[in-house]
Amino acid sequence: MEKIIARVIRIDLDIYILNVESTDEIITAKLRGNLKKKDNVLVGDIVSVEKVLDDYMINSVITRKNSLIRPPVSNIDQMIIVVSVGAPKPDYILLDKQIVLCLSKNIKPIICINKVDLVSQDESVKNDMEYILDVYGKLGYTIVSTSAKEKKGITNLEALLKNKTSAFSGNSGVGKSSITKEIIDSHHVVQIGDISRKSKRGKHTTKSVNLYNIGENTYILDTPGFSSYELYDIEHKELRKYYTEFEKCQCDYDDCAHIIEDESVCDVKRKVNTNVIDKGRYERYVYIYEKLKEKYDRRYK
Ligand SMILES: Nc1nc2c(ncn2[C@@H]2O[C@H](COP(=O)(O)OP(=O)(O)O)[C@@H](O)[C@H]2O)c(=O)[nH]1
Ligand SMILES: [Mg+2]
Ligand SMILES: [Zn+2]
């Protein structure tokens with residue numbers, strides 16, 4: 001019996017489409033009975049497969065690095081958080097929430113500023129671009145600038161993807177599909193829709209989660225459903241752990257939430273007032289904290 005290690009790149013009802021690690025060959029498989037529980041196997045999982053006569057069967061799932069609920073995916077190394085500097089304008093609350101989500105899931109956040117071709121048109125676009133480069137650059141996050149329209153910066157972005165599994169996120173209209181299409185097309189990725197049609201199961205819907213193999217050990221995740229950025233696992237009290245700029249602060253109390261505490265005891269507040277910490281980042285922290293607290297307070301009601 002042949003034993004194979006493969007990556008789940010798409011799920012069509014009960015058909016699992018896999019990329020075989022050693023050959024990059026694409027195969028379809030079914031689940032062994034013991035795995036047949038919803039969400040036991042996710043797109044992104046690395047699985048152990050056996051060939052039984054002519055059929056491939058998934059025997060087990062190798063321990064995950066991480067997993068997300070919406071979309072249901074696993075083993076994400078980095079998130080390409082796409083923000084557009086114009087049409088739509090950057091949504092900074094969303095950007096900060098996405099960074100928090102990444103840090104809480106051990107995913108490296110990479111900020112991709114798209115639509116940089118619009119910078120020359122408008123002063124406010126330029127200001128947003130400078131704000132992101134300054135504030136998020138100082139925090140140590142990797143930032144890449146692109147124009148999917150003019151095909152600029154895409155190779156810089158691609159260089160960051162090597163040997164990693166990357167998900168693209170960002171609000172609607174920022175250019176995720178344009179960027180991923182550009183990358184997928186240039187790598188001549190096998191069209192997975194064809195395989196699922198051959199299997200005569202389900203329909204090829206745009207909602208499905210696809211993991212594209214764009215080179216040795218390099219995958220990108222294209223999820224049209226990546227619109228829910230609810231911080232479902234995080235309590236308001238924990239939120240502060242995911243703010244890099246708070247790490248160096250010496251508040252008087254270890255459990256300082258940096259919310260109601262006075263400047264005399266809260267070093268975060270002092271650093272906001274002296275512009276060491278960006279005021280916008282802090283105000284958004286307070287906003288997200290309050291939202292998480294409301295949810296927490298409602299939890300048993
Ligand atoms: N000016 C400009 N428009 C872009 C750029 N990238 C995407 N767009 C346009 O923005 C709109 C939304 O792009 P899309 O890729 O569908 O965004 P998504 O919702 O994030 O997948 C489309 O009309 C694109 O043509 C860019 O770099 N510059
Ligand atoms: Mg899209
Ligand atoms: Zn504090």
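Got a minute to help me understand the nonpolar core in this structure?
The tendency in soluble globular proteins is for nonpolar side chains to be buried side by side. Counting residues in hydrophobic clusters, the biggest one holds 69 residues, and the most contacted among them are Leu18, Ile58, Ile111, Tyr136 and Val268. In contact with isoleucine 111, not counting residues within four places along its chain, are Ile81, Val83, Leu95, Ile99, Ile132, Tyr136, Tyr141, Thr142, Ile143 and Val144. Judged by nonpolar contacts, the second largest core, of 18 residues, contains Ile154, Val174, Tyr212 and Ile214.

What is the right way to read the site of ligand 1 from this model?
Not every one of the 15 residues close to ligand 1 is listed here, only the nearest: Asp117, Ala148, Gly173, Lys176 and Ser178. Contacts to ligand 1 include glycine 175, whose backbone N or O atom sits 3.0 Å from an oxygen atom. The contact in question runs from an oxygen atom of ligand 1 to an N or O atom on the side chain of serine 178, over 2.6 Å. Against a free-state accessible area of 580 Å², the protein chains account for coverage of 67% of ligand 1. Residue contributions to the shell around ligand 1 peak at three residues, all from helix H4 (residues 176-186). For the shell around ligand 1, the class distribution of residues is three nonpolar, eight polar and four charged.

I keep staring at the sheet that holds strand E5 (residues 55-61) and nothing clicks. Help me out?
The strands making up a sheet associate through backbone hydrogen bonding, with each pair oriented either parallel or antiparallel. Taken together, the five strands give a closed barrel; going around it, the order is E1-E2-E3-E5-E4, and neighbouring strands pair in mixed fashion. Along the sheet, successive strands turn relative to each other by an average axial angle of 55°, direction set aside. Where strand E2 (residues 15-20) lies against strand E3 (residues 26-31), four bridges are found, and the strand directions are antiparallel. Within the sheet, the bridge partner assigned to leucine 18 lies in E3 and is isoleucine 27.

Teacher, can you tell me more about helix H3 (residues 154-161) here?
Since the α-helix turns once every 3.6 residues, residues separated by three or four places project in the same direction. Residues of H3 that are buried: Ile154, Leu157, Glu158 and Leu161. All buried residues of H3 lie within an arc of 100° about the axis, which places them on one face of the element. Away from its buried face by more than 90 degrees, H3 exposes Thr155 and Ala159. Where H3 ends, the next residue or the one after it, asparagine 163, has phi of about 65°, a positive value.

What exactly am I supposed to notice about the coordination of the zinc ion (ligand 3) here?
Between any two of four tetrahedral donors, the ideal angle at the metal is 109.5 degrees; between two of six octahedral donors, it is 90 or 180 degrees. Binding of the zinc ion (ligand 3) to the protein goes through Cys251 (SG), Cys256 (SG), His258 (ND1) and Cys266 (SG), at separations of 2.1 to 2.4 Å. What the four donor atoms of the zinc ion (ligand 3) show is an angle range of 102 to 114° at the metal, which sorts the shape as tetrahedral. The motif formed by the donor residues of the zinc ion (ligand 3), counted along the single chain, is C-x4-C-x1-H-x7-C. Here cysteine 251, found in the loop between strand E13 (218-222) and helix H6 (267-273), pairs with cysteine 266, found in the loop between E13 and H6; they are 15 residues apart in sequence, far enough to count as distant. Summarising the burial analysis for this pair, cysteine 251 and cysteine 266 share the class buried.

I'm lost on the domain arrangement of the protein chain in this one. Help?
Put simply, an interface is often sized by how much accessible area is lost when its parts join up. Along its sequence, the protein chain is organised into domain 1 (3-61), domain 2 (67-222) and domain 3 (236-298). Buried surface at the junction of domain 2 and domain 3, both sides included, amounts to about 1100 Å², of which 66% is carbon and sulfur. The largest per-residue losses of area from domain 2 upon contact with domain 3 belong to Ile93, Val100 and Leu139, which jointly make up 42% of the total buried on that side. Across the domain 2-domain 3 interface, the total number found is two salt bridges. Here aspartate 96 ties to arginine 284 by a salt bridge, and the two come within 2.6 Å at their closest N and O atoms. In this structure, the connection of domain 2 to domain 3 is made through six residue pairs in polar contact (both at pLDDT 80 or more). Of all the secondary-structure elements, those providing two or more residues to the side of domain 2 that touches domain 3 are helix H1 (92-104) and helix H2 (123-138). Sorting elements by how many residues they give to the side of domain 2 that touches domain 3 places H1 first, with eight residues. Residue composition of the side of domain 2 that touches domain 3, by class: ten nonpolar, one polar and two charged.

Explanation requested: the packing of aromatic side chains in the structure shown.
For any pair of aromatic rings, geometry is given as the distance between the ring centres together with the angle between the planes. Applying the stated criterion to the full structure yields seven aromatic pairs. Both rings, one in tyrosine 285 and one in tyrosine 289, keep their centres 6.1 Å apart while their planes meet at 45°; by these two values the pair is tilted. Separated by four residues within a single helix, tyrosine 285 and tyrosine 289 lie in helix H7 (residues 279-298), roughly one turn from each other. Members of the aromatic cluster, connected to one another through ring pairs, are Tyr243, Phe246, Tyr282, Tyr285 and Tyr289. A cation over a ring is seen here: arginine 7 above tyrosine 219, with NZ or CZ 4.8 Å from the ring centre.

Definitions and limits used
- Residues numbered from 1 in each chain as written.
- Chains lettered and ligands numbered in written order.
- Predicted model: local features only at pLDDT ≥ 70, side-chain atom pairs only at ≥ 80, totals over all residues.
- Heavy atoms only, no water.
- Core = buried A, V, L, I, M, F, W, Y, C linked by side-chain atoms within 4.5 Å.
- Buried < 20%, exposed > 50% of the residue type's maximum accessible area, 1.4 Å probe, protein only.
- Contact = heavy atoms within 4.5 Å.
- Near = heavy atom within 4 Å.
- Polar contact = N/O pair within 3.5 Å; in protein donor to acceptor, adjacent residues only side chain to side chain.
- Areas by Shrake-Rupley, 256 points an atom, 1.4 Å probe, with all protein chains shown as cover.
- Helix = DSSP H or I, 4+ residues; strand = E, 2+ residues; numbered from the N terminus.
- Nonpolar A, V, L, I, M, F, W, Y, C, P; charged D, E, K, R; others polar.
- Pairing = 2+ DSSP bridges.
- Axes fitted to C-alpha atoms, helices over the stretch in contact; angles between N-to-C directions.
- Arc of directions from axis to C-beta.
- Donors = N, O, S within 2.8 Å, 3.2 Å for Na, K, Ca; no water.
- Tetrahedral: all angles 85-135°; square planar, octahedral: opposite > 155°, others 65-115°.
- Domains from an automatic or database assignment.
- Buried area = accessible area lost by both parts, 1.4 Å probe.
- Salt bridge = Lys/Arg side-chain N within 4 Å of Asp/Glu carboxyl O.
- Phe/Tyr/Trp six-rings, centres within 6.5 Å; stacked < 30°, edge-to-face > 60°.
- Lys NZ or Arg CZ within 6 Å of the ring centre and 35° of its normal.

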